[in-house]
Amino acid sequence: LMNSALKWKFAPAYDLTFSSSSRDWHSTSFAGEYQNPTQAHLLELAATFGIKKPMEIINEVRTAVANWKQYAKNSNLSYYPNTTIEIRIQELLLL
């Protein structure tokens, strides 16, 4: 987000919701990376924006998204988005 002094600041995490473009890329850039954002990109963002204890945050999110299947079931998410998101989460958890 850009503040009133025209300086960029870190956006809230809700800006990082799952979304794919027509090219199957993320709609959001992670440190300039759309196609295959990695933990290294997240750590780069953390350093840029002065985020303290980034690995703790990353591990907390990993723990939460590891329960995706149950969240999707509890929310009655339809099969296609559920499996698409689940596959991508599993790929990312291996990084």
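This text follows the structure it describes.
From a predicted model like this one, the values you see are computed outputs, not experimental measurements.

Digging into unusual backbone geometry
Part 1: A positive phi angle, close to 55°, is found at K53, a residue other than glycine.
Part 2: Structurally, the position occupied by K53 is in the loop between α1 (39-48) and α2 (54-65).
Part 3: Residue classification places K53 among the exposed residues on the basis of a relative accessible area of 56%.
Part 4: If you check the backbone angles, N76 has positive phi at about 55° while not being a glycine.

A look at the packing of α1 against α2
Part 1: Two numbers describe how α1 lies on α2: the axes approach to 10 Å, and their chain directions differ by 135°. On the basis of their axis angle, the class for α1 and α2 is oblique. Every pair of crossing elements has a handedness; the one defined by α1 and α2 is right-handed. Contact residues: Q39, L42, L43 and A46 in α1; P54, M55, I58 and R62 in α2.

Some words on the environment of K9
Part 1: Among the secondary structure elements, K9 is positioned in the segment before α1.
Part 2: Separated by 40 residues in the primary sequence, K9 and F49 place their C-alpha atoms 7.0 Å from one another.
Part 3: Setting aside residues up to four positions removed in sequence, K9 forms contacts with L1 and F49.

A word on the pattern of salt bridges
Part 1: In total, this model carries 1 salt bridge according to the counting rule given.
Part 2: Residue E86 pairs with K69 through a salt bridge whose shortest N-O separation is 3.6 Å. Of this pair, E86 sits in helix α4 (residues 79-93) while K69 sits in helix α3 (residues 68-74), and the two are 17 residues apart along the sequence.
Part 3: You can call K69 exposed: its relative accessible area is 54%.

Criteria and thresholds
- Residues numbered from 1 in each chain as written.
- Predicted model: local features only at pLDDT ≥ 70, side-chain atom pairs only at ≥ 80, totals over all residues.
- Heavy atoms only, no water.
- Helix = DSSP H or I, 4+ residues; strand = E, 2+ residues; numbered from the N terminus.
- Buried < 20%, exposed > 50% of the residue type's maximum accessible area, 1.4 Å probe, protein only.
- Axes fitted to C-alpha atoms, helices over the stretch in contact; angles between N-to-C directions.
- Parallel < 35°, antiparallel > 145°, perpendicular 65-115°, else oblique.
- Left-handed = near helix turned anticlockwise from the far one by under 90°.
- Contact = heavy atoms within 4.5 Å.
- Salt bridge = Lys/Arg side-chain N within 4 Å of Asp/Glu carboxyl O.

Just geometry here; none of it tells us what the structure is for.
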